[in-house]
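# Examining the three-dimensional arrangement
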Amino acid sequence: MSTPTVAHILEQARQNIHQAVAAENGSEHQRSAAHHAQSLANTILLEDNATTAQRERARYYLEEAIGIQTLTTR
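What comes next concerns the included structure. (Residues numbered from 1 in each chain as written. Predicted model: local features only at pLDDT ≥ 70, side-chain atom pairs only at ≥ 80, totals over all residues. Heavy atoms only, no water.)

## Section: the overall build of the protein
What the protein contains, in helices and strands, is three helices and zero strands. Listing each helix as α and each strand as β along the protein from the N terminus yields α-α-α. Its C-alpha radius of gyration of 12 Å places the protein within 12% of the 11 Å reference for a compact globule of 74 residues. A principal-axis box enclosing the C-alpha atoms of the protein has dimensions of 35 × 25 × 15 Å. Every one of the 74 residues in the protein was classed for burial, and the buried ones make up 34%. Long-range pairs, those at least 24 residues apart, make up 60% of the contacts in the protein between residues at least 6 apart in sequence. Total accessible area on the protein stands at roughly 4900 Å², and carbon and sulfur atoms take up 50% of it. Charged side chains in the protein number 6 positive and 8 negative. The centres of these two groups are separated by 3 Å. (Helix = DSSP H or I, 4+ residues; strand = E, 2+ residues; numbered from the N terminus. Rg over C-alpha atoms; globule rule 2.2 N^0.38 Å. Buried < 20%, exposed > 50% of the residue type's maximum accessible area, 1.4 Å probe, protein only. Contact = heavy atoms within 4.5 Å. Areas by Shrake-Rupley, 256 points an atom, 1.4 Å probe, with all protein chains shown as cover. Lys, Arg positive; Asp, Glu negative; His and termini not counted. Charge placed at Lys NZ, Arg CZ, Asp CG, Glu CD.)

## Things to note about helix α2 (residues 28–45)
Look at α2: 26 Å from first C-alpha to last across 18 residues, which is about the 26 Å you get at 1.5 Å a residue. Listed in full, the buried residues belonging to α2 are Gln30, Ala33, Ala34, Ala37, Leu40, Ala41 and Ile44. The buried side chains of α2 occupy one side of the element, clustering within an arc of 125 degrees when seen end-on. (Expected span 1.5 Å × (residues − 1). Arc of directions from axis to C-beta.)

Dropping the structure here:
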């Protein structure tokens, strides 16, 4: 099994953000998808091979994921 590329991880983060937004507010599915997006974004931010553009997109997804998780805990 090959290691996923930075682009693939970034796409997974994007998909998880979309899943979280589409999920019922406050649901476990929403929280889980947002948490997974956060983890993936953090992975990209720590990746030596990530480009500046990829890191900027990862920061955006990280902020979105944290925001969604904050909404689900209120």
